[in-house]
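Observations on the three-dimensional arrangement
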Amino acid sequence: MLFVREETANRITKISFESFPGGRGAVPLYDNYVYVDDVKWYSGTEVMNDGSMFIPIFRDTSHSTEQKVDDLFSKISVDKKISLHGYNSKAIDRLGIPAYNWWYEVLHGVGRAGQATVFRKAIAPNAPSLFALMGNYNNVSGNMLSFLEGTTEDAATSISVRYELGYDDSDTARFGGLWAAGFADGTIAFLGLTPSLEGEEHDVFLSKTGGDKADFSFPLTHIKLLQQLSANKKPLVLVLNAGSAIDIESLKTYSDAILLAYYPGEQGGTALAEIIFGERSLSRRLPVIFYRSVNDLPAYDHYFMQGRTNCYLKGEVSFPFGFGLSYTSLSYQWNEKPVPIVSNIRFSFNKENTGKMEGDDVFQVCNRCPELNRMPVKELKAFKRRRV
C-alpha cells in the first residue's frame, strides 16, 4: 500500500498498484490516482490530510451537469476522446466509464441488452396520419397534431421514439419494424380503420363494399402484423382507429393493452400522449355496443328494435354500451336506494376514488322496464361527468 501526497492540493491519496506490462510504470488497481503521460489524474474518492473524503467534481451531485461534464472531459486525453467515438469503446477504469459496443445504438437506434438508451417504438401508417384524426366529415386545422407527433413531444427526455411504417394494405407476408421492435422496451401499434375504409356509401374508395361495412373484421395485414409483433414478447400497446363497432376480440390475444381512439380530432395526438404516459386517467365510455358477431344483428333493412341496441339486447356482447376503464379505482355506496315518488324516482349515493390518481368518471343512470311486449329491457335516463 502506498500513500502519495499531492502538494499543490494538499491531498493524500491511498492507492494499490501493480507493474504495468512494458515498463511504463505503475497503474492503480482501485483506480484513484495515477500518472499517465506525465499528467496526474483523479477519479475515485480520496482521503484528505484531515481524514475527510474528497469527491471529484464529475461525481459530486451538488455540481451542475455542465460543471460535471467539463470536469470529466478535462480528465480524458485526446486519444481517449477519439476512441469513444468508435462503436467499440474500451473502458476507462480510472473514471468509471465501462466498455460498451455502441454499434446498434449509433447506427440503428436500438440498444443491446444491458445498459442502453430506452426506446419506444411506434409502428403503422396511422401514427403520423392526419386522416386518422379527422374522420369523414371535417375541415382542416393548422393546429392538428398526429399520434406520432403527440407521443414524441410528450415523451420524457430519457425516452427516444422511433417510427416504422410497418405494413401496407396488400402484403400479408412482409412487414417493417419487426427487428427494431425486438430491441425496443415497448411498442405502440397504431392500427384500425380510416375514413378510406369505412364511411358513407360511395365515399370510401378502399372499402370492398363501397362504404357501409359488411362485418366487424380488421384488415388481414393488421392482424398478421400484430401476431409478429407479439412474438417479440415485449410490451405491446394497440391504439385503434374506428368510427363504429369493430372486432376487438380477435386482437386481445396479441396485445397487452388496447386503446380505442376513434377519430379524435385536431389534438388527438396530445390526448393520446397524456393517456399513454399516465398524465390523465381514462374516463370515456362506449356510446354503442360492440357485438360479438354480425350474426347477433338483424338484417340491415329490418327496422324492428327487438334484440337491438342497449335498450332491447338480451344476449352477451364483447363490450356493452357505457363500457370504459380507468387508471384509478372507484367505489359506490348507497345513501338512499331508489324510491318511487309519483312519476319520479328518488335516490342518492356516494362515489369515492379509492385509487392513487385523480380522474373523471361518468355516472350513468338506467331504469329497468316491466317485461311487456315491445317494452325495452332498460333505458338510459341520465348521465353526468364528475371529477373524483
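Counting restarts for each chain, with residues numbered from 1 along the sequence as it is written. Given that this is a predicted model, residues contribute local features only at a pLDDT of at least 70 and side-chain atom pairs are listed and counted only at 80 or more, while totals for whole chains, interfaces and linings are drawn from all residues. Side-chain calculation: all heavy atoms of the structure are included, whereas hydrogens and water are not.

A word on the environment of M375
Only DSSP runs of H or I with at least four residues qualify as helices, and only runs of E with at least two residues qualify as strands; both kinds are numbered from the N terminus onward. Its place among the elements puts M375 in the loop between β18 (360-368) and β19 (378-387). Considering only alpha carbons, one finds M375 and Y312, 63 residues apart in sequence, at a separation of 8.0 Å. Contacts: residue pairs with any heavy atoms within 4.5 Å of one another. Setting aside chain neighbours within four positions, we find M375 in contact with Y312, C369 and P370.

A word on the packing of aromatic side chains
Two aromatic rings, taken as a pair, are described by how far apart their centres are and by the angle between their planes. Any pair of Phe, Tyr and Trp rings, taking the six-membered ring for Trp, is counted once the centres come within 6.5 Å. Such a pair is stacked with planes under 30 degrees apart, edge-to-face with planes over 60 apart, and tilted for the rest. Summed over all chains, the structure comprises nine aromatic pairs. Centre to centre, the rings of F147 and F190 are 5.5 Å apart; their planes meet at 15 degrees, and the pair counts as stacked. Of this pair, F147 sits in helix α5 (residues 147-154) while F190 sits in strand β13 (residues 186-192), and the two are 43 residues apart along the sequence. Here the two residues F147 and F190 agree in accessibility, since each one is buried. Pairing F319 with F323 gives two aromatic rings, centres 5.1 Å apart and planes at 55 degrees, and the pair type is tilted. According to the relative accessible area criterion, F319 is buried, its value standing at 15%. A connected cluster of aromatic rings, assembled from ring pairs, spans Y332, W334, F347, F349 and F363. Relative accessibility under 20% of the residue-type maximum defines a buried residue, over 50% an exposed one, and the middle range a partly exposed one, all with a 1.4 Å probe and only protein chains included.

Topic: the nonpolar core
Working definition of a nonpolar core: buried Ala, Val, Leu, Ile, Met, Phe, Trp, Tyr and Cys residues. They are joined through side-chain atoms within 4.5 Å. Membership of the largest hydrophobic core comes to 32 residues, with the highest contact counts inside it found for L191, L225, L229, L240 and I246. For this core, the element with the highest residue contribution is helix α7 (residues 220-230), accounting for four residues. If near-sequence neighbours (up to four positions away) are discounted, L229 is found in contact with I123, L178, A181, T187, A189 and L236. One finds A122, M144, I188 and I275 within the second-largest nonpolar core, a separate group that totals 18 residues.

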